[in-house]
Amino acid sequence: MSNLDDIRRKFYDNSDPLALDSSSTSGAGGSTAIGPTRSVSGSGSSTAAGSSSRNAPYPNAQNRNYRGGASSSYRGKGRPRQGGASSSSAFASSNDDTLYDDADDGGNGRTGRGGGWNGGGVEGFDYGQALRTQDIADVDMELGARAREGVQAREEEETDVQKLLRAWTNERHAPDVLPTKDELLGSILDEIRRQTNDVNALRAAEDLTEEDHYMMMLVQTEVERMKFVVRSYVRARLYKIEKLAAYILADENKAEMHPRLTTAELRHAQAYGGLLKGHFDATVLNHLPESQRGMDDEVPMVPNMITEPHKDKPVFFHALEDCGQIRLPDGSGYLVQKGSIHLMRYRTIEHLLLRDEIELV
Amino acid sequence: MENDYYSIDAILAENQKVPCAFKVDIPDLGYLDGGSEKDIKASSKSQLPFWLTPVLLLSDFADCILPPPFSQRVRNALNAEATSVKLSSLVGSGGLWYGFGRMIVHVIEEPYAKDLTNVLVKTFKDRLVDIMDQAQHFGALGNHAGGGGDGQKGEDFREGLDGTERELFALAQASAKRTKQWYESSDKTRR
């Protein structure tokens, strides 16, 4: 049947972005491996975790990763991240060119190689010259414009899967709820459904070779992985929403927080917040005198009873574009170049994350 | 253990006694001291839990001094060799020395706050190497009771870990164990 042959050809050709996309799904055991690789004495545990997929060609890597039960990450061929440099040194990670090591994808503007003052950074942009002759504000605007172009170029070239994986790691590392990626999730779910239907249709065919069976198993594994990532993403958001339910429902935060949630999430936050408040009232607050019943007391030295997002949490981030000068809490500026990795408080780089110019790692 | 009202870690860390001296008379609250007095007299010393102190300090009812876990004597010992100090004997076996230190840092003024912060950071850095080393060693070898030559020293160190360090130790040990299991399982099936 020509329909089944089409499906078969699609899977074998690797033209479908969800099926067997080597650039997006090969790589080291996911975010759980990032923890040990970052620890101080990590030599023991990091080589253990990293060697699971070091230098392995794609099909073997997939089998090994799946048995380890690790979720997939799109980070290159398994070299453990050397990053986590302290914020006081503009320390560009030198093995950056393997971070986005796509087998098929050469010469991509995303493979940022963070360099020193000379030669690194945006092409054709002479920092020295610019800082001497222009105002800092002008330089920043120029860099801002270029950064936005970079972001847009990247938007168009990336596959949905890569975007989802990045959104997933960002959501897991950020202490605050990030803006929702509704359409992205929708298209990924569509792809999953389509692929599952295709495989089911193929199953019904009579003339299946051994190779066909093997191929279908790989495709289904891929689908399971994507379902895991989607579920984990939604779970991470849900955890944060439940934790910050009172904060989200407070009046002064409405304008900021409500656009970041989908309608379903907002409804859940309201229901959950209502239940929690009811519980507190019934067990504790109603037994106190009238004046002590509020939850929004401002007592010095005691944290607010409405849990606020912990924006001073330190996060590692990887700069995808040149971000220019960032204002640090003590007032000084700090230059962030494309491809470099730093450790800073979430508060200082939050605006960059919302503009998609950096990603959390 | 962020700045969260509901954080259990923060509540546990605050559960330490701090010596305070009252500045005014407080009628009818003599039972706080565990004594038999009816009132608290001015300039009488007592040990109060740390979570009471911000209110007392702000309303100027009492004065507090640096609690014993962070005294000069302890600092000297930490300076000499951080790994040999038993943090668990300073704050009790379930106590959180680092957590308590962080809470104090928010309350006291510069430059003492900066000093204390540096002490905390340096101690943590020095002890971390030993914690991780011991965790990997025991996790990878399975259930070796002595673990080589320095069994006694290792045990002493492990007893002296405070709450945060104990958690780290447990996590690292579990992680090493699971890695080892994973290695062995994949070897078998490859053959």
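See the structure above.
Note that the coordinates shown come from a computational prediction; the quantities given were computed from them, not determined experimentally.

Visitor: Talk me through the packing of helix H10 (residues 210–243) of chain A against helix H13 (residues 263–283) of chain A; I want residue IDs and the actual numbers.
Guide: Residue and element names in this part refer to chain A. Where H10 contacts H13, the two axes come as close as 9 Å, and the packing angle between them is 40°. Note that H10 runs across H13; the crossing there is right-handed. Of H13, the residues touching H10 (which contributes Arg237, Leu238, Ile241 and Glu242) are Glu265, His268, Ala269 and Tyr272. Across the contact of H10 with H13, the residue classes tally to four nonpolar, one polar and three charged.

Visitor: Describe unusual backbone geometry, naming the residues involved and giving the relevant values.
Guide: Most of the time, phi is negative for any residue but glycine, and the peptide bond is trans. For Asp356(A), which is not glycine, the phi torsion reads 70° and is therefore positive. Mapped onto the secondary structure, Asp356(A) falls in the loop between helix H14 (346–354) and strand E5 (358–360). Non-glycine residue Asp60(B) carries a positive phi angle of around 60°. By the element assignment, Asp60(B) lies in the loop between helix H2 (53–58) and strand E3 (62–64).

Visitor: Give a detailed account of the packing of aromatic side chains, specifying residues and quantitative values.
Guide: All names here are of chain B. According to the stated counting rule, one finds nine aromatic pairs over all chains in the structure shown. Ring plane angle 25° and centroid distance 5.1 Å describe the contact between Phe70 and Trp97, whose orientation is recorded as stacked. Pair noted here: Phe70 is in the loop between E3 and helix H3 (72–80) and Trp97 is in helix H5 (residues 97–107), with a separation of 27 residues, a long-range link. A relative accessible area of 2% places Phe70 in the buried class. By relative accessible area, Trp97 is classed as buried at 1%. Arranged with centres 5.4 Å apart and planes meeting at 85°, the rings of Tyr98 and Phe124 form a pair that is edge-to-face. Of this pair, Tyr98 sits in helix H5 while Phe124 sits in helix H6 (residues 112–141); the two residues are 26 residues apart in sequence, bridging distant segments of the chain. Among the residues examined, Tyr98 registers a relative accessible area of 9% and is labelled buried.

Criteria and cut-off values
- Residues numbered from 1 in each chain as written.
- Chains lettered and ligands numbered in written order.
- Predicted model: local features only at pLDDT ≥ 70, side-chain atom pairs only at ≥ 80, totals over all residues.
- Heavy atoms only, no water.
- Axes fitted to C-alpha atoms, helices over the stretch in contact; angles between N-to-C directions.
- Helix = DSSP H or I, 4+ residues; strand = E, 2+ residues; numbered from the N terminus.
- Left-handed = near helix turned anticlockwise from the far one by under 90°.
- Contact = heavy atoms within 4.5 Å.
- Nonpolar A, V, L, I, M, F, W, Y, C, P; charged D, E, K, R; others polar.
- Phe/Tyr/Trp six-rings, centres within 6.5 Å; stacked < 30°, edge-to-face > 60°.
- Buried < 20%, exposed > 50% of the residue type's maximum accessible area, 1.4 Å probe, protein only.

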